[in-house]
Amino acid sequence: MKQKCFLFIGVALFLCAFKGDGLIENVYPQLLGDYKFYKSVADRSVSYAKDGKDEFSVTINKKDQILFFKNGKKERKMSFTEMKMPFLDDENHVLFGEKNNYEPLFYHGDTIVIQSYPIAYQENYFIKKKP
């Protein structure tokens, strides 16, 4: 009897560990892919990627992860969540982050906007790479 109980609890924990998989693939499939940094906007100033020496990119994969790269080297990895920010005017967003510290990723067509990478507290525009 105890073995069945432990087996049931183990299976339940295993299923809970993978419950987030598939959010991007199933709900936001248009976001999957690789993106290249285009520009950063703060107030009235604009910084273009071509003006800098570093190359920044982002990959959104089927594991509900967003990967950040600088000059081809992975800097960090975060996960997406099903939560939404109801007070945002733009409904075209999905939240990503870690440990209950989430931020929005805005999307429109082949462009995504992230406010924390590569320049914090600015609107950083990334354009999807062509296959």
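Residues numbered from 1 in each chain as written. Predicted model: local features only at pLDDT ≥ 70, side-chain atom pairs only at ≥ 80, totals over all residues. Heavy atoms only, no water.

## Some words on the pairing of strand E6 (residues 93-98)
As a general feature of sheets, a regular strand has side chains that alternate between the two faces.
Here is step 1: Counting buried positions along E6 yields five of six residues, so the element is predominantly enclosed.
Here is step 2: Examined bridge by bridge, strand E5 (residues 73-81) and E6 share three bridges and lie antiparallel to one another. From the neighbouring strand, phenylalanine 80 faces E6, where its bridge partner is phenylalanine 96.
Here is step 3: In this sheet, strand E7 (residues 101-108) lies alongside E6 in antiparallel orientation, the contact comprising six bridges. Directly across from glutamate 98, in E7, lies its bridge partner asparagine 101.
Here is step 4: Hairpin connection from E6 to E7: two residues lie between these consecutive antiparallel strands, with lysine 99 at a positive phi of about 50°. (Buried < 20%, exposed > 50% of the residue type's maximum accessible area, 1.4 Å probe, protein only. Helix = DSSP H or I, 4+ residues; strand = E, 2+ residues; numbered from the N terminus. Pairing = 2+ DSSP bridges.)

## Here's the deal with the side chain of threonine 59
Here is step 1: Mapped onto the elements, threonine 59 comes out in strand E3 (residues 56-60).
Here is step 2: Under the relative-accessibility criterion, threonine 59 is labelled buried at 18%.
Here is step 3: A polar side-chain atom of threonine 59 sits 2.7 Å from a polar atom in the side chain of aspartate 34. (Polar contact = N/O pair within 3.5 Å; in protein donor to acceptor, adjacent residues only side chain to side chain.)

## Focus on the environment of glycine 109
Here is step 1: Relative to the helices and strands, glycine 109 is located in the loop between E7 and strand E8 (111-114).
Here is step 2: In the structure, glycine 109 is positioned 18 residues away from isoleucine 127 in sequence and 9.2 Å away in space, judged by C-alpha atoms.

## Details of a nonpolar patch on the surface
Here is step 1: Side chains of Tyr38, Val46 and Tyr48 sit close together on the surface and give an oily, nonpolar patch of about 250 Å² of accessible area.
Here is step 2: Note on tyrosine 38: relative accessible area 38%, which makes it partly exposed. (Patch = residues over 30% accessible without salt bridge, like charges linked within 9 Å, V, L, I, M, F, W, Y side chains within 5 Å. Areas by Shrake-Rupley, 256 points an atom, 1.4 Å probe, with all protein chains shown as cover. Salt bridge = Lys/Arg side-chain N within 4 Å of Asp/Glu carboxyl O.)

## A few points about the pattern of salt bridges
Here is step 1: Considering all chains together, one arrives at two salt bridges under this definition.
Here is step 2: One salt bridge in this structure joins lysine 70 and aspartate 54, with 3.8 Å as the shortest N-O distance. Of this pair, lysine 70 sits in strand E4 (residues 65-70) while aspartate 54 sits in the loop between strand E2 (45-48) and E3, and the two are 16 residues apart along the sequence.
Here is step 3: Accessibility expressed as a relative area gives 27% for aspartate 54, which makes it partly exposed.

## Some thoughts on the confidence of the model for the protein chain
Here is step 1: In this model, the protein chain carries an average pLDDT of 85, and 84% of its residues clear a pLDDT of 70 or more.
Here is step 2: Note that pLDDT drops below 50 for residues 4-8; the model gives that stretch zero contacts with residues more than four away or on any other chain.
Here is step 3: Across residues 10-20, where pLDDT falls below 50, the model places one contact with residues more than four positions away in sequence or in other chains. (pLDDT = per-residue confidence, 0-100. Contact = heavy atoms within 4.5 Å.)

## Side note on the nonpolar core
Here is step 1: Counting residues in hydrophobic clusters, the biggest one holds 22 residues, and the most contacted among them are Val58, Ile60, Ile66, Leu105, Ile112 and Ile114.
Here is step 2: In terms of residues, this core owes the most to one element, E3, which gives three residues.
Here is step 3: The contacts of valine 58, once residues within four sequence positions are left out, are Gly33, Asp34, Tyr35, Ile66, Leu67, Phe68, Ile112, Ile114, Tyr117 and Phe126. (Core = buried A, V, L, I, M, F, W, Y, C linked by side-chain atoms within 4.5 Å.)

## Focus: the packing of aromatic side chains
Here is step 1: Within this structure, the stated rule accounts for eight aromatic pairs.
Here is step 2: Where tyrosine 28 meets tyrosine 107, the ring centres are 5.9 Å apart and the plane angle is 65°; that geometry is what we call edge-to-face. One end of the pair, tyrosine 28, is in the loop between helix H2 (23-27) and strand E1 (33-42); the other, tyrosine 107, is in strand E7, with 79 residues separating them in the sequence. We note that tyrosine 28, like tyrosine 107, is buried.
Here is step 3: Pairing phenylalanine 37 with phenylalanine 126 gives two aromatic rings, centres 5.4 Å apart and planes at 55°, and the pair type is tilted. Residue phenylalanine 37 is located in strand E1, and its partner phenylalanine 126 is located in strand E9 (residues 123-128); the two are separated by 89 residues in the primary sequence. Across the pair, phenylalanine 126 and phenylalanine 37 agree in class, each one buried.
Here is step 4: A connected cluster of aromatic rings, assembled from ring pairs, spans Phe37, Phe56, Phe68, Phe80, Phe96, Tyr117 and Phe126.
Here is step 5: Positioned above the aromatic ring of tyrosine 125, the side-chain terminus of lysine 39 is 5.2 Å from the ring centre.
Here is step 6: Positioned over the ring face of phenylalanine 68 is arginine 76, at 4.4 Å from the centre of the ring. (Phe/Tyr/Trp six-rings, centres within 6.5 Å; stacked < 30°, edge-to-face > 60°. Lys NZ or Arg CZ within 6 Å of the ring centre and 35° of its normal.)

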